[in-house]
Amino acid sequence: KLSALLEQIKDIVLTLLEDYDVTEKINAFTGKMQHLITTYEVDKHAQVLMDKFIKLINQYEVKETVRKITSMLKNIDFKSCFEYCIKRIDEAIREVQSYEYKKFVQDINKFLDLIIKKIKSFDYEKFVDNINERIRDIRQKINNEIKNLDLTQKVEALKLYINDVGNVISGYMEQIGRA
């Protein structure tokens, strides 16, 4: 029964091949490819490329390099590296599992409650009064230092001196202008 089915499939495929001229199209394609290969000397170019490739392999000792790399890879103990990684991962998992998240959340909640209480008990008026008092104290200290150092008198004397220098220069300028 199976061989009869296969025989029918074979007949259908052969009929389709004949109906669509598949064999002739394959032969035409092959002929055109051979013509292109001979026209453009593809076979010679391929041979030159193969020769260069072989020369490069020999020049850079690719076989020896591959052999050394293979030997090095065989000597690496991947099993112990893998076991080491697995051990570290297991330790990290155990540490994460042992962490008490409920206690952590409770601690955060206590901290937030404390902050909320502090914010609610914050007296803005008292804060402003304290800041104003500090500003008054600092201003008073600065004024006292200015008085103690006689800065106002010194600044006034400096102004007078600069004014005198300006007058002298003006006088000289007028004399130069007249001359």
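Residues numbered from 1 in each chain as written. Predicted model: local features only at pLDDT ≥ 70, side-chain atom pairs only at ≥ 80, totals over all residues. Heavy atoms only, no water.

Peer 1: Whenever I open this one, the overall build of the chain confuses me. Can you help?
Peer 2: Secondary structure summary: the chain contains eight helices and zero strands in total. Reading the secondary structure of the chain in the N-to-C direction produces α-α-α-α-α-α-α-α. Rg of the C-alpha trace for the chain: 50 Å, well past the compact-globule value of 16 Å for 179 residues, more than 25% over. Judged by the C-alpha coordinates and their principal axes, the chain covers about 125 × 85 × 50 Å. The 179 residues of the chain split such that 0% are buried. (Helix = DSSP H or I, 4+ residues; strand = E, 2+ residues; numbered from the N terminus. Rg over C-alpha atoms; globule rule 2.2 N^0.38 Å. Buried < 20%, exposed > 50% of the residue type's maximum accessible area, 1.4 Å probe, protein only.)

Peer 1: For this particular structure, what's the right way to read helix α2 (residues 22-39)?
Peer 2: An α-helical segment advances 3.6 residues per turn. Residues three or four places apart therefore align on the same side. Between its first and last C-alpha, α2 extends 25 Å over 18 residues, near the 26 Å set by a 1.5 Å rise per residue. Immediately downstream of α2, the backbone of Glu41 shows phi near 50°, a positive value. (Expected span 1.5 Å × (residues − 1).)

Peer 1: Help me understand a nonpolar patch on the surface, please; the structure alone is not making it clear to me.
Peer 2: There is a patch of nonpolar side chains on the surface, built from Val96, Tyr99, Tyr101, Phe104, Val105, Ile108, Phe111, Leu112, Ile115, Ile116 and Ile119 and spanning about 1,000 Å² of accessible area. Note on placement: Val105 falls in helix α6 (residues 101-121). Overall, the relative accessible area of 44% leaves Val105 in the partly exposed class. (Patch = residues over 30% accessible without salt bridge, like charges linked within 9 Å, V, L, I, M, F, W, Y side chains within 5 Å. Areas by Shrake-Rupley, 256 points an atom, 1.4 Å probe, with all protein chains shown as cover. Salt bridge = Lys/Arg side-chain N within 4 Å of Asp/Glu carboxyl O.)

Peer 1: Help me understand the environment of Asn132 in this model?
Peer 2: Counting through the fold element by element, Asn132 comes out in helix α7 (residues 124-148). For Asn132, a relative accessible area of 33% corresponds to the partly exposed category. In sequence terms Asn132 and Lys32 are 100 residues apart; their C-alpha atoms lie 100 Å from each other.

Peer 1: I tried to follow the packing of aromatic side chains on my own but got confused; where do I start?
Peer 2: Aromatic rings in a pair are described by how distant their centres are and how their planes are angled relative to each other. In this structure the tally under the stated criterion is one aromatic pair. Relative to Phe127, the ring of Phe122 has its centre 5.5 Å away and its plane inclined at 50°; by these criteria the two rings are tilted. (Phe/Tyr/Trp six-rings, centres within 6.5 Å; stacked < 30°, edge-to-face > 60°.)

Peer 1: Got a minute to help me understand the pattern of salt bridges in this structure?
Peer 2: As a working rule, side chains carrying opposite charge can pair if their charged atoms are close by. Counted according to the given criterion, the structure contains five salt bridges. As a salt-bridge pair, Glu7 and Lys10 come within 3.7 Å of each other at their nearest N and O atoms. Remark: Lys10 and Glu7 occur in helix α1 (residues 2-19); sequence separation between them is three residues, near one turn of the helix. Assessed through its relative accessible area of 45%, Lys10 is described here as partly exposed.

Peer 1: What is the right way to read the confidence of the model for the chain from this model?
Peer 2: In low-pLDDT regions, the fine details of the predicted coordinates are not to be read closely. Residues at a pLDDT of 70 or more form 97% of the chain, whose mean pLDDT is 83. When the elements of the chain are averaged for pLDDT, helix α4 (residues 62-75) gives the smallest value, 76, and α7 the largest, 88. (pLDDT = per-residue confidence, 0-100.)

Peer 1: Looking at this structure, how should I read a negative patch on the surface?
Peer 2: On the surface, Glu18, Asp19, Asp21 and Glu24 cluster together into a patch of negative charge. A relative accessible area of 62% means that Glu18 is categorised as exposed. (Lys, Arg positive; Asp, Glu negative; His and termini not counted. Charge placed at Lys NZ, Arg CZ, Asp CG, Glu CD.)

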